[in-house]
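Descriptive structure summary
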Amino acid sequence: DIQMTQSPSSLSASVGDGVTITCRASQSISSYLNWYQHKPGKAPKLLISTASSLLSGVPSRFSGSRSGTDFTLTISSLQPEDFATYYCQQSLTTPYTFGQGTKLEIK
Amino acid sequence: EVQLVQSGAEVKKPGESLKISCKGSGYSFTTYWIGWVRQMPGKGLEWMGIIYPGDSDTRYSPSFQGQVTISADKSISTAYLQWSSLKASDTAMYYCARRVDCGSTSCLDYWGQGTQVTVSS
């Protein structure tokens, strides 16, 4: 299986701050990487596909990038509704493994 | 409108069997893969497996192979996740999700609301 390692596992930030979450794949996955946002009691929501393509309706403060097997999710100016857990997921090959998640909390 | 509606919460005893469901609507159910994802209490998302309802082609994560069975009934646009003998460690929230092509890759675009399964003696 391809292992996805996210860091940090948790992060505290304030409204208006910019944050970056990193995800590293255990092998090359090209740009086959998705990002999801998950809030308690809700279904996960797809934010970004193919490492950097923002889904329709997702605010432009979210962005994704790739450098080799390292991927980043950046939120440029945190809004109250952004506090959630974020997961990366590789979609190169089954099993389509998730990272362990990054919990973004309000400072 | 695309919707995936899952069956309700279940409370079962160890050793019992269970089948939970995920009904799709608003799209051609037979032409999109449906995946299942587990979230154990306080833990992250785990990809369990995926089925193509058109021909029931199924892929399992090695972690779940032999532990669960994924199936689908295309006549009623419903996918299933089942256990023959539940364990306490199966206690979790289970989500179904539709897999679609996202550019050159695939992603899970619509998700069910989740089914809470609690296994306790």
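Everything below is about the structure shown above.
The present account deals with the structure reproduced in this document. (Residues numbered from 1 in each chain as written. Chains lettered and ligands numbered in written order. Predicted model: local features only at pLDDT ≥ 70, side-chain atom pairs only at ≥ 80, totals over all residues. Heavy atoms only, no water.)

A separate point is unusual backbone geometry. In this structure, A:Pro8 follows A:Ser7 across a cis peptide bond, with omega equal to -5°. Omega for the peptide link from A:Thr94 to A:Pro95 comes to -5°, which places this bond in the cis form. For A:Pro95, the position within the fold is in the loop between strand 9 (85-90) and strand 10 (102-106). Phi is positive for A:Ala51, close to 70°, though the residue is something other than glycine. Tracing the sequence through the fold places A:Ala51 in the loop between strand 5 (45-49) and strand 6 (53-54). Unlike most non-glycine residues, B:Ser56 shows phi in positive territory, near 65°. Its location among the elements puts B:Ser56 in the loop between strand 5 (45-52) and strand 6 (57-60). (Helix = DSSP H or I, 4+ residues; strand = E, 2+ residues; numbered from the N terminus.)

Let's shift gears to the state of the cysteines. All names here are of chain B. In this structure the tally under the stated criterion is 3 disulfides over all chains. Across a sulfur-sulfur distance of 2.0 Å, cysteine 22 and cysteine 96 are joined as a disulfide pair. Since a negative S-S torsion denotes a left-handed disulfide, the cysteine 22-cysteine 96 link at about 75° is right-handed. With a gap of 74 residues between them, cysteine 22 in strand 3 (residues 18-25) and cysteine 96 in strand 9 (residues 92-102) connect regions that are remote in the sequence. You can call cysteine 96 buried: its relative accessible area is 0%. Through a disulfide, cysteine 102 is tied to cysteine 107; the S-S separation comes to 1.6 Å. (Disulfide = S-S within 2.5 Å. Buried < 20%, exposed > 50% of the residue type's maximum accessible area, 1.4 Å probe, protein only.)

Let's shift gears to the environment of B:Ser104. Its location among the elements puts B:Ser104 in the loop between strand 9 and strand 10 (105-111). With a relative accessible area of 52%, B:Ser104 lands in the exposed category. Sequence separation between B:Ser104 and B:Gln39 is 65 residues; the distance between their C-alpha atoms is 27 Å. In this structure B:Ser104 touches A:Tyr32 and A:Thr50, once residues within four positions along its chain are discounted. (Contact = heavy atoms within 4.5 Å.)

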